[in-house]
Amino acid sequence: MIILYHGSNVRIEEIDLNRCHPYKDFGKGFYLTDIEEQARQMAVRRTRIAGEGSPIVTAYAFDERLLDDASLRVKRFDKPSEEWALFILENRQGLARECYDIVIGPIADDGVAFQLERYMRHMITLDTLVKELTYRKLNRQYFFGTELSISKLRAL
């Protein structure tokens, strides 16, 4: 079992994928991290942006063995790569061609977003984009994008 954390400005009683925002790194879904402090920082940021609520971190247990279960479509990115960068670009533009139950990979933070913008404006090549991102220390995020995958999370 792994413990995953979600930071928000409201208490999450039940995960509702309809409330999730589109055009995110891995698509419209529920995002978590395995780093509690990262979730806490996201909760503070979300509260500041929303201008209401208070920072709340919710913990969930997830059986990692399910990542190898053939009933779930899982995509993993171990580090920034050309495939990862293009996947994020497609999702942020709403052009994703493939849907996954779970996606695990580096978070595209503000620095990554800046580099992606430079690439989209043809200021740098895809190769340069990947090189720029490879040297960054990026935390990992877990995306749960379907009701099937959400059903595998257990609130603690």
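What comes next is a walk through the structure. (Residues numbered from 1 in each chain as written. Predicted model: local features only at pLDDT ≥ 70, side-chain atom pairs only at ≥ 80, totals over all residues. Heavy atoms only, no water.)

**Here we look at the nonpolar core**
One finds Leu4, Phe30, Leu32, Phe62, Phe144 and Leu153 to be the most contacted residues of the largest nonpolar core, which totals 19 residues. When residues of this core are traced back to their parent elements, those giving at least two are β1 (2-8), β2 (30-32), β3 (56-62), β5 (102-106) and β6 (140-144). Those residues in contact with phenylalanine 144 that sit more than four places away from it in its chain are Leu4, Leu17, Gly29, Phe30, Leu32, Phe62, Asp101, Ile102, Ser149, Ile150 and Leu153. (Core = buried A, V, L, I, M, F, W, Y, C linked by side-chain atoms within 4.5 Å. Buried < 20%, exposed > 50% of the residue type's maximum accessible area, 1.4 Å probe, protein only. Helix = DSSP H or I, 4+ residues; strand = E, 2+ residues; numbered from the N terminus. Contact = heavy atoms within 4.5 Å.)

**Observations regarding helix α1 (residues 36-50)**
Relative to the 21 Å expected for 15 residues at 1.5 Å per residue, α1 spans 21 Å between its end C-alpha atoms, a close match to the ideal helical length. Of all the residues in α1, the buried ones are Gln38, Ala39, Ala43 and Thr47. Here the buried face of α1 lies against β1, β3 and β6. Downstream of α1 by one or two residues, glycine 51 has phi in the positive range, about 70°. (Expected span 1.5 Å × (residues − 1).)

**Some points on the pairing of β3**
Of all the seven residues making up β3, six are buried; the element is thus mostly covered by neighbouring parts of the structure. With seven bridges connecting them, β1 and β3 associate as antiparallel partners. Bridging from a neighbouring strand, glycine 7 pairs with valine 57 of β3. Of the pairings in the sheet, the one linking β3 to strand β7 (residues 154-155) comprises two bridges and is antiparallel in character. Paired with alanine 61 across the bridge in β7 is arginine 154. (Pairing = 2+ DSSP bridges.)

Scope: geometric values only; no functional claims are made or implied.
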